[in-house]
Amino acid sequence: MRFKGYLGGFLKSAIAGTLLTSLALSNVAQAGPTLDKITQRGSIKVGVGTTPGFFAPDSSGKWQGLFADYGRALSIAVFGTPDKAEFTNSSPQQRLPALQSGEFDILLSGVTVTITRALKLGFHFGPTVFYDGQGILVRKDLGVTTAAELDGATIGAQSGTTGELNVADFFRKTGKKFTPVTIEDTGQFIAALESGRVDAITQDSSDLVGKRTQLKKPDEYIILPERLSKEPLAPAVAGGDDRWLEIVNWTVNATIQAEEWGITSQNVDEFLKSEDPAIQRFLGVDPALGEAIGLDPKWAYNIIKTVGNYGEIFDRNLKPLGWDRGYNRLWTDGGLLYSPPFR
Ligand SMILES: N[C@@H](CCC(=O)N[C@@H](CS)C(=O)NCC(=O)O)C(=O)O
């Protein structure tokens, strides 16, 4: 009897398990609204900024940079080819509303993850692809070497950025005074510094390092040593589409996990012969994960083969500008990059 009871229970849970599996599979088979829109349109609309190393058109008009490469990685995940990401620049002020209204499918523009954006504005964020902090860029002839010496200064921030609040917080906290000038347009923001309309400008240090190289006389300016804030920069998507969010999440995770395993664009084909079941799942030798995410089982293989792992993406775009990996090293190297498991 006990055995029968046990068997009955086993059968019941097996049936329930099958039901759950088929429910889960039917969920997987449904494309999310964003993915539907993207596949019907045949391209992914990506909002970007204009900072060398992160997102900037090259001389032939092709967008290059760390974030641009994540746009390409997504295009590979969805379409199997890197060239279906359509990059459009819009100001920090306009791009979040444009994402909300569906003008963009994703922002890869250095958006900082904040609780206000998540809970009050309803955006969702993928994994951080660049850990940054806010800096201050000043003309050398101002004679200051630390932010604390900027008491009484006129400081420019771009409207719609986290920089506006951060700089106000910094001066309030330190009991110093400053005059804020908010400017929407990037060209005018830079011009305000060059013309002397403001004494300093404040933005993500990633932005300042890149934009400093575009000043007429870069050597006449310095970035002060302080970082006023934490700026984890991540892909942003509109709320309410879990499936699209998961595709974004696992696309970024794939580049981080590949680096952890030492899988690069150069050696990925050798890893196809790996005996490690996790690597087999990752590269689609075992198709189970591709089926679960509803993409080509080779989606991660294709990403690594074409754009490379995180380290390759970083080195290609940011090493030439002198960037050190810093916090953006793998957790195994003392950094903050950590992919959840591929299983
Ligand atoms: N991370 C900040 C700032 C975002 C931001 O302004 N990013 C820079 C690039 S890192 C930008 O778009 N600048 C204007 C441009 O490049 O045109 C935020 O989320 O508010």
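Residues numbered from 1 in each chain as written. Predicted model: local features only at pLDDT ≥ 70, side-chain atom pairs only at ≥ 80, totals over all residues. Heavy atoms only, no water.

## So, the overall build of the chain
Phase 1 of the analysis: Looking only at helices and strands, one finds 14 helices and 13 strands in the chain.
Phase 2 of the analysis: When the backbone C-alpha atoms are referred to their principal axes, the chain occupies close to 85 × 40 × 40 Å.
Phase 3 of the analysis: Burial status across the chain gives 49% buried among its 343 residues.
Phase 4 of the analysis: Counting only contacts in the chain whose residues sit at least 6 apart along the sequence, the fraction spanning at least 24 positions is 73%. (Helix = DSSP H or I, 4+ residues; strand = E, 2+ residues; numbered from the N terminus. Buried < 20%, exposed > 50% of the residue type's maximum accessible area, 1.4 Å probe, protein only. Contact = heavy atoms within 4.5 Å.)

## What to know about the site of the ligand
Phase 1 of the analysis: The ligand sits among 23 residues. The nearest are Thr50, Arg95, Thr112, Arg117 and Asp204.
Phase 2 of the analysis: The separation between an oxygen atom of the ligand and a polar side-chain atom of threonine 186 is 2.8 Å.
Phase 3 of the analysis: Contacts to the ligand include aspartate 204, whose side-chain N or O atom sits 2.6 Å from a nitrogen atom.
Phase 4 of the analysis: Against a free-state accessible area of 490 Å², the protein chains account for coverage of 98% of the ligand.
Phase 5 of the analysis: Where the shell around the ligand is concerned, the elements lending two or more residues are helix H4 (92-100), strand S5 (106-112), strand S11 (200-204), helix H8 (205-212) and strand S13 (231-238).
Phase 6 of the analysis: Element by element, the count of residues in the shell around the ligand is highest for S5, at four residues.
Phase 7 of the analysis: Along the lines of polarity and charge, the residues of the shell around the ligand split into four nonpolar, 13 polar and six charged. (Near = heavy atom within 4 Å. Polar contact = N/O pair within 3.5 Å; in protein donor to acceptor, adjacent residues only side chain to side chain. Areas by Shrake-Rupley, 256 points an atom, 1.4 Å probe, with all protein chains shown as cover. Nonpolar A, V, L, I, M, F, W, Y, C, P; charged D, E, K, R; others polar.)

## Remarks on the sheet that holds strand S12 (residues 221-223)
Phase 1 of the analysis: The strand order across the open sheet formed by five strands is S10-S9-S11-S8-S12, and the pairing between neighbours is mixed. Edge positions in the open sheet fall to strand S10 (178-183) and S12, since each of these has one partner strand only. Strand-to-strand twist in this sheet, taken as the mean axis angle between neighbours without regard to direction, amounts to 25°.
Phase 2 of the analysis: Bridge analysis of strand S8 (residues 134-139) against S11 gives five bridges, and the strand direction is antiparallel. Opposite valine 138, over in S11, you have alanine 200 as the bridge partner.
Phase 3 of the analysis: Strands S8, strand S9 (153-158), S10 and S11 of the sheet are contacted by helix H6 (residues 162-174), whose axis makes an angle of about 150° with S9.
Phase 4 of the analysis: Packing of H8 onto the sheet brings it into contact with S8, S9, S11 and S12, and relative to S11 it is tilted by some 120°. (Pairing = 2+ DSSP bridges. Axes fitted to C-alpha atoms, helices over the stretch in contact; angles between N-to-C directions.)

## Details of the packing of helix H9 (residues 242-261) against helix H13 (residues 299-306)
Phase 1 of the analysis: The contact between H9 and H13 brings their axes to 10 Å, and the two run at 65°. Read as a crossing pair, H9 and H13 show a hand that is right-handed. Contact with H9, carried on its side by Trp250, Thr251, Ala254, Thr255 and Ala258, involves Trp299, Ala300, Ile303 and Ile304 of H13 and no other residues of that element. (Left-handed = near helix turned anticlockwise from the far one by under 90°.)

## Describing H6
Phase 1 of the analysis: Over its 13 residues, H6 runs 18 Å from end to end, which matches the ideal 18 Å to within 8%, given 1.5 Å per residue.
Phase 2 of the analysis: All of the buried residues along H6 are Thr162, Gly163, Asn166, Val167, Ala168, Phe170 and Phe171.
Phase 3 of the analysis: Residue glycine 175 follows H6 closely and has a positive phi angle near 70°. (Expected span 1.5 Å × (residues − 1).)

## Some remarks on the confidence of the model for the chain
Phase 1 of the analysis: With 91% of its residues at a pLDDT of 70 or more, the chain has an overall mean of 91.
Phase 2 of the analysis: Contacts of residues 1-30 to residues separated by more than four positions or lying in other chains number five contacts, the stretch itself having pLDDT below 50. (pLDDT = per-residue confidence, 0-100.)

## Some words on the packing of helix H3 (residues 66-79) against helix H14 (residues 310-317)
Phase 1 of the analysis: Running from amino to carboxyl end, H3 crosses H14 at an angle of 135°, the nearest separation of the two axes being 9 Å. As far as their axial angle goes, H14 and H3 are oblique. Of the two elements, H3 crosses H14, and the hand of that crossing is right-handed. Where H3 abuts H14, its residues Leu66, Asp69 and Tyr70 lie against Tyr310, Ile313, Phe314, Arg316 and Asn317.
Phase 2 of the analysis: Taken together, the residues of the contact of H3 with H14 sort by class into five nonpolar, one polar and two charged. (Parallel < 35°, antiparallel > 145°, perpendicular 65-115°, else oblique.)

## Quick look at the packing of aromatic side chains
Phase 1 of the analysis: Across all of its chains, the model carries 16 aromatic pairs by this definition.
Phase 2 of the analysis: Ring geometry for phenylalanine 54 and phenylalanine 55: centres 6.4 Å apart, planes at 55°, overall tilted.
Phase 3 of the analysis: By relative accessible area, which is 2% here, phenylalanine 54 ends up buried.
Phase 4 of the analysis: With relative accessibility at 5%, the residue phenylalanine 55 sits in the buried group.
Phase 5 of the analysis: Here the aromatic rings of phenylalanine 171 and phenylalanine 178 are separated by 4.5 Å at their centres, their planes lie at 25°, and the arrangement is stacked. Accessibility assignment for this pair places phenylalanine 171 and phenylalanine 178 in one class, buried.
Phase 6 of the analysis: Among the aromatic residues, those joined into a ring-pair cluster are Phe54, Phe55, Phe67, Phe130, Tyr310, Phe314 and Trp323.
Phase 7 of the analysis: The ring of tyrosine 301 has lysine 298 lying over it, and the distance from NZ or CZ to the ring centre is 5.5 Å. (Phe/Tyr/Trp six-rings, centres within 6.5 Å; stacked < 30°, edge-to-face > 60°. Lys NZ or Arg CZ within 6 Å of the ring centre and 35° of its normal.)

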